[in-house]
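# Commentary on secondary and tertiary structure
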Amino acid sequence: MKSTHIRLRRACVAAAAVGVLVAPAVAGSAYGAGAPALSAPAAPSPDTDTEFPQLTPAVAAQLDEAVRQVMSETKVPGVTVGLWAPGKGSYLKSFGVADKATGAPMEAGLHVRIGSETKTFTVTALLQQVDKGKIGLDDPIGKYISGVPNGDRITLRQLAGMRSGLFNFSLDEDFIKKLQADPEQSFAPQQLLDYSFEHPVQFEPGAEFDYSNTNLILLGLVVEKVTGRPLHEVIKQDVLEPAGLRSTIFPTSADMLDPYAHGYTDQTASGKTEDSTHWNPSWAWAAGAMISDLQDLRSWARTLATGTLLTPATQAERLKTTPMDIPGDGYGLGIFNIQGWIGHNGSIPGYEVLPVHLPEAQATMVIVLNTDSQTDGQEPSTLFGEAVTSIVTPDHVYPGRKPLAPTSD
């Protein structure tokens, strides 16, 4: 089976890329070589003149048509699209089914697995420890976790920015075969690292950008070590509760949070589409295991982009980006900026989400769907994002394009 068959979140870029969501289960894709340049985005102003249309019935009809067209092309079972902008109104609509067996309709209040969007929560928890003075972004990972290749030189900043050079465990053929043989089995973080560390490092620390779920497994372990608490408890107590997210959890089992949409994937040993709703997400852990719903993702997209859980200085560090594949795209610390939209996409077998915020217009877009099956190498969430933004923000189109490499979450 091909390594692209686990994709957790292909993400980042538009999906693609970064595994970031960009890869099976949590796989990542490479964006470029050479020493990456870092740039801090200009501070967004609420008074910018970015044009965002009134979400009138006429615009809603355009959006309806665009979403249905993408559904027809991709055969996505169900999708919910939400748009909000101050003074411009809102658009919130569900299409298709949440359960192919019963025909139950897709609805905005259903829970889904969010894949690599989990990375934004893990990195937020890490950066909170930076604000508390318990860790430094330029500390080597070897200070906290032993046995990491180049552990004395790879920094926490490089891990969060996908520039460590460590092999993405979710692209390991043995891991893929084991997971597909029994998708309901449980994996421990060290098992995931073992798959990665069997491979040579891809490049010198900081030399390139390469989306790797391995990075987030290590950062999750760092959070546990410095806080003395399990990662799921840290995220619940330090991130979810302060952010007011009541429909989001970091699961410790394969159970879904009611009510939920069923998820469907073709990332299977046979290549046939299966219901993956209750597959165990432990293999994705800090890189992609979480569950949420559309309204919580709406709230989180703004919190993440504006940095309300962090000090301004730490948020500024987070938003410094490494260029990806085209001008205007960049990856920061567990976050991306694609054509002005700030956030992260998520993909895990059966589900994809795209929660992003456009500071220039104070606009938020959230797209939730119940499949991760690609169409001609394109992530379905990316195709929906491109269709929607082409209508409402033609100067800030979230682009659809083929992945440069397999990704993950």
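Keep in mind the model is a prediction, meaning the values are calculated, not measured.

### Quick notes on the overall build of the protein chain
In terms of helices and strands, the protein chain carries 11 helices and 17 strands. The burial tally for the protein chain puts 61% of its 409 residues in the buried class. Across the protein chain, the fraction of contacts at a sequence separation of at least 24, relative to all contacts at a separation of at least 6, is 69%. When the accessible surface of the protein chain is split by element, carbon and sulfur atoms take 51% of a total near 14,200 Å².

### Description of unusual backbone geometry
Note that the residue after D258, namely P259, is joined by a cis bond; omega there is -15°. Tracing the sequence through the fold places P259 in the loop between α7 (231-243) and β8 (264-265). Of note, K75 is a non-glycine position whose phi angle comes to about 65°, a positive value. Mapping K75 onto the fold places it in the loop between α1 (57-74) and β4 (78-85). Of note in this structure, W285 is not a glycine but carries a positive phi near 35°.

### A look at the packing of aromatic side chains
How two aromatic rings sit relative to each other is set out by the distance from centre to centre and by the angle between their planes. Applying the stated rule across the entire model yields 8 aromatic pairs. On the basis of an interplanar angle of 45° and a centroid distance of 6.0 Å, the ring pair of F336 and Y398 is categorised as tilted. With F336 in strand β13 (residues 336-338) and Y398 in the segment after α11 (380-392), this pair connects stretches of sequence that are 62 residues apart. The exposure classification of F336 matches that of Y398, with both residues buried. Taking NZ or CZ as reference, K100 lies 4.4 Å from the ring centre of Y264, over its face.

### Description of the pattern of salt bridges
In total, this model carries 8 salt bridges according to the counting rule given. In this structure, the salt-bridge partner of D238 is R229, at a minimum N-O distance of 2.7 Å. Classification of R229 by relative accessible area gives partly exposed; the value is 22%. Here the salt bridges do not stand alone but share partners, grouping D138, R157, E317 and K320 into one network.

### Focus on the pairing of β4
Most of β4 sits out of view: 8 of its 8 residues are buried. Side-chain alternation along β4 places G78, T80, G82 and W84 on one buried face and V79, V81, L83 and A85 on a second face that is also buried. Direction of pairing for β4 relative to strand β5 (residues 89-96): antiparallel, over a ladder of 8 bridges. Residue pairing in the sheet places A85 in a bridge with G89 of β5. What sits between β4 and β5 in their antiparallel hairpin is a turn of 3 residues, with G87 showing a positive phi close to 75°. Examined bridge by bridge, β4 and strand β17 (residues 363-369) share 6 bridges and lie antiparallel to one another. Residue pairing for β17: W84 is matched across the bridge by T364.

### Points about the packing of helix α4 (residues 173-181) against helix α5 (residues 189-197)
Relative orientation and spacing of two packed helices are given, respectively, by the angle between their axes and the distance between those axes. The interhelical angle for the contact between α4 and α5, taken along N-to-C directions, is 140°, at an axis separation of 9 Å. In terms of axis orientation, α4 runs oblique to α5. Only Q191, L192 and Y195 of α5 make contact with α4, whose side of the interface consists of D174, F175 and K178. Taken together, the residues that form the contact of α4 with α5 break down as 3 nonpolar, 1 polar and 2 charged.

### A closer look at α7
For α7, built from 13 residues, the straight-helix expectation of 18 Å at 1.5 Å per residue is met to within 8% by its first-to-last C-alpha distance of 17 Å. At Q237, α7 shows its maximal kink, close to 30°. Along α7, the residues that are buried comprise L231, V234, I235, D238, V239, L240 and A243. Next to the buried residues of α7 lie α2 (118-131), α6 (213-227), α8 (285-288) and α9 (294-306).

### Re the layout of surface pockets
In this approach a probe as big as a water molecule rolls over the atoms, and the regions it shows empty are the leftover space. The calculated volume of the second largest pocket comes to roughly 170 Å³. What lines the second largest pocket is a set of 14 residues, among which F250, P251, T252, S282 and W285 lie closest to the centre. Grouping the constituent residues of the lining of the second largest pocket by class yields 7 nonpolar, 6 polar and 1 charged.

### Quick word on α9
In this model, α9 (13 residues) spans 19 Å end to end at C-alpha, consistent with the 18 Å of a helix rising 1.5 Å per residue. Listing the buried residues of α9 in full gives L294, D296, L297, W300, A301, T303, L304 and A305. Backbone geometry just after α9 places G307 at a positive phi near 75°.

### Quick notes on a negative patch on the surface
A contiguous patch of negative charge, built from E173, D174, D194 and E198, is present on the exposed surface. Within the element layout of this structure, D174 appears in helix α4.

### What about the side chain of T124?
The residue T124 is located in helix α2 in this model. Residue classification places T124 among the buried residues on the basis of a relative accessible area of 2%. Sequence-distant contacts of T124, that is, excluding residues within four places in its chain, are made with V239, W300, L304, L309, L310 and R318.

Conventions and cut-offs
- Residues numbered from 1 in each chain as written.
- Predicted model: local features only at pLDDT ≥ 70, side-chain atom pairs only at ≥ 80, totals over all residues.
- Heavy atoms only, no water.
- Helix = DSSP H or I, 4+ residues; strand = E, 2+ residues; numbered from the N terminus.
- Buried < 20%, exposed > 50% of the residue type's maximum accessible area, 1.4 Å probe, protein only.
- Contact = heavy atoms within 4.5 Å.
- Areas by Shrake-Rupley, 256 points an atom, 1.4 Å probe, with all protein chains shown as cover.
- Phe/Tyr/Trp six-rings, centres within 6.5 Å; stacked < 30°, edge-to-face > 60°.
- Lys NZ or Arg CZ within 6 Å of the ring centre and 35° of its normal.
- Salt bridge = Lys/Arg side-chain N within 4 Å of Asp/Glu carboxyl O.
- Pairing = 2+ DSSP bridges.
- Axes fitted to C-alpha atoms, helices over the stretch in contact; angles between N-to-C directions.
- Parallel < 35°, antiparallel > 145°, perpendicular 65-115°, else oblique.
- Nonpolar A, V, L, I, M, F, W, Y, C, P; charged D, E, K, R; others polar.
- Expected span 1.5 Å × (residues − 1).
- Bend = angle between axes of the 7 residues up to and from the residue.
- 1 Å grid on protein atoms, 1.4 Å probe; cavity = no way out; pocket = protein on both sides within 12 Å on 5 of 7 lines; lining within 4 Å.
- Points joined across faces, edges and corners; volume = space filled by probe spheres on them.
- Patch = residues over 30% accessible without salt bridge, like charges linked within 9 Å, V, L, I, M, F, W, Y side chains within 5 Å.
- Lys, Arg positive; Asp, Glu negative; His and termini not counted.
- Charge placed at Lys NZ, Arg CZ, Asp CG, Glu CD.

Shape descriptors only; they carry no functional weight alone.
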